Amino acid sequence: MKITRRTAIAAVAALGVTAMPAFAQYPTKPITAIVPFAAGGPTDVVTRLVTEHMSRTLGQQIIVENIGGAGGTIGMSRAAAAEPDGYTIAVGNMGTQSAAPALYPNLKYDPAKSFTQISIVNFTPQTIVSKKDLPPKDLKEMLAYLKANSEKMNYGHAGVGSISYVSGFVFNSQFGFKPALVAYKGTGPALNDLVGGQIDYMVDQSLNVIPQITAGTIKAYAVAHPERIAALPNVPTTKELGVDFIFSAWNAMVAPKGLPKDIQDKLVDALSKAMDDPAIIKRYEQLGSTAPKGADRGPAGLQKLVEKEVARITPVLKAAAAK
Amino acid sequence: MWDLVSNLQLGLSVAGSLHNAALCFLGCLIGTLIGVLPGVGPIATIAMLLPLTFGLDPVGALIMLAGIYYGAQYGGSTTAILVNIPGEATAVVTVLDGHQMAKQGRAGIALGIAAIGSFIAGTIATIIIAAAAKPLTSLALLFGPADYFALMVLGLMFAVVLARGSVPKAIAMILFGILLSTVGTDIETGEERLTFGWMEIADGIDFAIIAMGMFGFAEILRNLEHREARGVVSAKIGQLLPNFSDFKTSFAPILRGTGIGSLLGFLPGNGAVLGPFASYSIEKKLAKDPSRFGQGAIEGVAGPESANNAGAQTAFIPLLTLGIPPNAVMALMIGAMTIHGIVPGPQIISKQPDLFWGMIASMWIGNLMLLIINLPLIGIWVRLLRVPYRLMFPAIVIFCCIGIYSINNSPTQVALTGAFALFGYLLIKLGFEQAPLLLGFVLGNLMEEKLRQAMVISRGSLWTFVDRPVSLGLLVLALIVFIVSALPAISRSRETVFTE
């Protein structure tokens, strides 16, 4: 090969590009965070909150890229297939990281095996809500009422595979309720019909229903969580009422499988710092969500959660599909 | 009444502060400039520019985002008129007469009347929101799935009116549009339909892909048939802004469009998409000479554009009073609010009156800014049309591809747009119109969802559509519209049969 000036420059440039990451400290360029849902949704909002803080810790911008479609599985498939160089990370949720294998037979990733886990980002406890004029006054009465009338009632959800679908499914099958399932395209329209009294009840992320509960346009029976949440101080928890139903949705940060340990540590650390920031803690409270603490935080906590949730949700969804 | 005045005063004092007015201006300007790129609609623009607002205080940030939204919306109309590409569903009818006007060298007038119509519509809609947001919300909540279904049926009747040529061809296009809308995951069972195992379309085909392929690209293909250097728009650019007689013709359509748009906009079920279609159909029915429509009738731009803008504005009602987003753009606004630490919902009015009224006042200021930004810009846009077509069309194609790519960061969707371009070209050659197909597509999505919800809730009884007064009323209206619009067509075809 004749060495012209052009090839020499190209060779030097190529060397520089390939050699750089080995010498320089990660990260040396902006990082892409894939959110597998539309901008403005619950996963997107929490991702933007924490990545903005992480960008400051890491000294590089984290750019949120929304790749929506097929219940978030398109974006997560893309994340699973990306280079494990630390410049592509993703934030999935309970749907993409636990329910998806049962719902999508051709899924191109395995939530427990295709990713390098970073950490749970937040839990958003589910809240049991109904239209304003449903007669029961508290959760016990409501469960009895549903037991007697559920076949005449309508449960609204945001589409198969959505959080409200999965949590409703677990709720209804656990207590033996058989309402008609009314499918909406997203939580917004479903909530709208709940406020308008077209449908009877829902089990959905607190984040989505807090404004309506505080304004009294819908009724809240309980938060399916061990402790009361700051945004809904007057709504009791299922635990204090002695009802065995705990259900939280969650978001989790992952990277493609094979991410070097030192990069993983950096990301885990940066995310952890973000979740400890008082300003972010306050935002979490407003959203009715909580940050993972203790053993829940970090890669091991996430791996354990994914395996546990897949084991819990898959049989319920498979049974539903078999019907 | 006094409340209203003092509230608006509070709002104006917030939104009118130098800081916030500057943000509003900046938002409108950037929104217009980005929204004018073919394919980059309001959603893409807001998502792209969201990080810009991170350093701002919440009120300022929301005012700026709202500005970006109006700007992008208006920028979309500009593309519709200049290069025949509807960036979103509400701009489809603007294309019909707007682009014809541009072809006749009246682009400036079309853009001008769109800006003026939007301003008037925006002003009226702002007052409606300020004065009647609460009662309108309770009215909107009366609408259940069955009623929305009936509304969509009424909308399909407009599509028949919309058609220029043969009615059977129009109906075929509507049905094909509805068929296209069924591609994707069935919302009730989660089963994929007509996707042939292709994940990329598991959520259905995006509106922009069909619109850009069938309107924009297909139009380019057709233009390239002729070997003329000029291309899209004739060289002569007459008068740049609408004159008094243009304005006189447009005034009533603007007011009617505003009324229709405001009315449909506040319905949380995304009724706003119907606004421009309804306005266009009504103007065409009221016109002394309906054959002018589709040939560059100014009413066909003025009415729908006003309806569009009024609807875009009143769509804030469910967001502000219920905290529930009626469409994807508003869902994004809610996300933006949450990022800024504002929990949207009914309590905003009492807890953060400065935010609530500031935002309402900023709507009006935003509309004023748009007028100020756009009237001088018209000259530049129109001059842009003088660019030789051989330079122009590759640029349009590239910008469209960027726009499509940015929807989901997916290259396959760009390829899909190409496929729709070929299909659209075929339709043009065979004398089919694209607008009814797009309307069928948009309404098909909503219709199916609402029909199935209504049927699940009524446990399969069709009587639900008759039992509910709102639904019954709308269906009767749909029947009347159908008879009125179909009768002349039937009698005309009889005449032709007889003359033969």
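About the cut-offs
Residues numbered from 1 in each chain as written. Chains lettered and ligands numbered in written order. Predicted model: local features only at pLDDT ≥ 70, side-chain atom pairs only at ≥ 80, totals over all residues. Helix = DSSP H or I, 4+ residues; strand = E, 2+ residues; numbered from the N terminus. Rg over C-alpha atoms; globule rule 2.2 N^0.38 Å. Buried ≥ 20, exposed ≤ 12 C-beta atoms within 10 Å, placed from the backbone. Contact = placed C-beta atoms within 7 Å. Domains from an automatic or database assignment. Core = buried A, V, L, I, M, F, W, Y, C linked by C-beta atoms within 7 Å. Expected span 1.5 Å × (residues − 1). Nonpolar A, V, L, I, M, F, W, Y, C, P; charged D, E, K, R; others polar. pLDDT = per-residue confidence, 0-100. Bend = angle between axes of the 7 residues up to and from the residue. Axes fitted to C-alpha atoms, helices over the stretch in contact; angles between N-to-C directions. Left-handed = near helix turned anticlockwise from the far one by under 90°. Pairing = 2+ DSSP bridges. Right-handed = clockwise from strand over helix to strand, strands pointing away.

Caption draft 1: Main features of the overall build of chain A. Check the secondary structure of chain A and you find eleven helices and nine strands. Against the globule reference of 20 Å for 323 residues, chain A gives a C-alpha radius of gyration of 22 Å, in line with a compact fold. If one aligns the C-alpha atoms of chain A with their principal axes, the spans along those axes are about 85 × 45 × 35 Å. Here chain A holds 323 residues, and the buried ones make up 55% of them. Residue pairs at least 24 apart in sequence account for 76% of intrachain contacts in chain A once pairs closer than 6 positions are excluded.

Caption draft 2: Summary view of the overall build of chain B. Of the regular secondary structure elements, chain B holds 21 helices and two strands. Since a compact globule built from 500 residues should have a radius of gyration of about 23 Å, the 22 Å found for chain B is in line with a globular shape. Here the C-alpha coordinates of chain B stretch approximately 70 × 60 × 50 Å along the principal axes. For chain B, the proportion of contacts with a sequence separation of at least 24, taken over those separated by at least 6, is 81%.

Caption draft 3: Focus on the domain arrangement of chain A. All names here are of chain A. The assigned domain composition of chain A is domain 1 (16-124 + 250-322) and domain 2 (125-223). When each unit is reduced to the centre of its C-alpha atoms, the spacing between domain 1 and domain 2 is 28 Å. The partner domain 2 presents 13 residues to the 15 residues of domain 1 that form the contact. Looking at the side of domain 1 that touches domain 2, the elements that each hand over two or more residues are helix 4 (94-103), strand 4 (115-131) and helix 11 (299-322).

Caption draft 4: Structural detail: the nonpolar core. V129(A), I46(B), L65(B), A110(B) and I210(B) are the most contacted members of the largest nonpolar core, which has 271 residues in total. Broken down by element, this core gets its largest block of residues, 18 residues, from helix 6 (residues 107-140) of chain B. The residues that make up this core include at least three from each of domain 1 (16-124 + 250-322) and domain 2 (125-223) of chain A. Once residues within four sequence positions are removed from consideration, L65(B) is found in contact with G27(B), I46(B), T53(B), M333(B) and A336(B).

Caption draft 5: Structural context of helix 14 (residues 328-339) of chain B. Between the first and last C-alpha of helix 14 of chain B there are 17 Å, a value that for twelve residues agrees with the 16 Å anticipated at 1.5 Å per step. Judged by how many residues are buried, helix 14 of chain B sits mostly within the fold: eleven of twelve residues are covered. For helix 14 of chain B, every residue scored as buried is listed here: V329(B), M330(B), A331(B), L332(B), M333(B), I334(B), G335(B), A336(B), M337(B), T338(B) and I339(B). Structurally, helix 14 of chain B contributes buried residues whose contacts are with helix 2 (42-58) and helix 7 (187-195) of chain A together with helix 3 (42-49), helix 4 (58-83) and helix 13 (316-322) of chain B. A positive backbone phi angle near 80 degrees is found at G341(B), which sits one or two residues after helix 14 of chain B.

Caption draft 6: Looking closely at the interface of chain B and chain A. Chain B puts 42 residues into the contact, and the matching count from chain A is 43 residues. At the level of elements, helix 14 and helix 19 (434-457) of chain B are the ones that each hand at least two residues to the side of chain B that touches chain A. Partitioned by chemical class, the residues of the side of chain B that touches chain A number 23 nonpolar, 15 polar and four charged.

Caption draft 7: A look at unusual backbone geometry. Backbone torsion omega between Y26(A) and P27(A) reads -5 degrees, so that peptide bond is classified as cis. Topologically, P27(A) is positioned in the loop between helix 1 (5-23) and strand 1 (31-35). The backbone of L194(B) sits at a positive phi, close to 55 degrees, despite the residue not being glycine. Following the sequence through the fold, L194(B) ends up in the loop between strand 2 (192-193) and helix 9 (207-225).

Caption draft 8: Layout of the environment of L487(B). Its location among the elements puts L487(B) in helix 21 (residues 469-499). Given 10 C-beta atoms within a 10 Å radius, L487(B) is considered exposed.

Caption draft 9: The arrangement of the environment of G379(B) in detail. Residue and element names in this part refer to chain B. Position of G379 among the secondary structure elements: in helix 16 (residues 353-384). Classification of G379 by C-beta neighbours within 10 Å gives partly exposed; the count is 14. For the pair G379 and I201, spaced 178 residues apart in sequence, the C-alpha to C-alpha distance is 40 Å.

Caption draft 10: Region of interest: the confidence of the model for chain B. Mean pLDDT over chain B stands at 85; residues scoring 70 or higher make up 94%. Every residue in residues 494-500 of chain B scores below 50 in pLDDT, and together they form zero contacts with partners more than four places removed in sequence or on other chains.

Caption draft 11: Broad picture of the confidence of the model for chain A. In this model, chain A carries a mean pLDDT of 89, and residues with pLDDT of at least 70 account for 92%. Scored below 50 in pLDDT, residues 11-23 of chain A makes three contacts in the model with residues more than four places away or belonging to other chains.

Caption draft 12: Region of the structure containing helix 6 of chain B. Between its terminal C-alpha atoms helix 6 of chain B stretches only 38 Å, short of the 50 Å expected from 34 residues at 1.5 Å a residue. Along helix 6 of chain B, the helix axis deviates most sharply at A132(B), where the bend reaches about 80 degrees; the proline P135(B) sits within four residues downstream.

Caption draft 13: Layout of the packing of helix 5 (residues 92-103) of chain B against helix 12 (residues 299-314) of chain B. All names here are of chain B. Running from amino to carboxyl end, helix 5 crosses helix 12 at an angle of 145 degrees, the nearest separation of the two axes being 8 Å. The interaxial crossing formed by helix 5 with helix 12 has left-handed handedness. Facing helix 5, whose interface residues are V93, T94, L96, D97, G98 and M101, helix 12 presents G300, V301, P304 and E305. The residue makeup of the contact of helix 5 with helix 12, split by class, is five nonpolar, three polar and two charged.

Caption draft 14: Examining the pairing of strand 1 of chain A more closely. Residues and elements named next belong to chain A. Among the five residues that make up strand 1, four are buried, leaving the element largely enclosed by the rest of the structure. The pairing of strand 1 with strand 2 (residues 62-66) spans five bridges and is classified as parallel. Residue V35 lies in a different strand from strand 2, and its bridge partner there is N66. This β-α-β element, strand 1 to helix 2 to strand 2, shows right-handed connectivity. Of the pairings in the sheet, the one linking strand 1 to strand 3 (residues 88-93) comprises three bridges and is parallel in character. Note on strand 3: the bridge partner recorded for T32 is T88.

Caption draft 15: Region of interest: the pairing of strand 8 (residues 218-223) of chain A. Residue and element names in this part refer to chain A. Taken across its six residues, strand 8 has six buried, putting it largely inside the fold. Bridging between strand 4 and strand 8 involves five bridges; their strand directions are antiparallel. Directly across from S130, in strand 8, lies its bridge partner K219.

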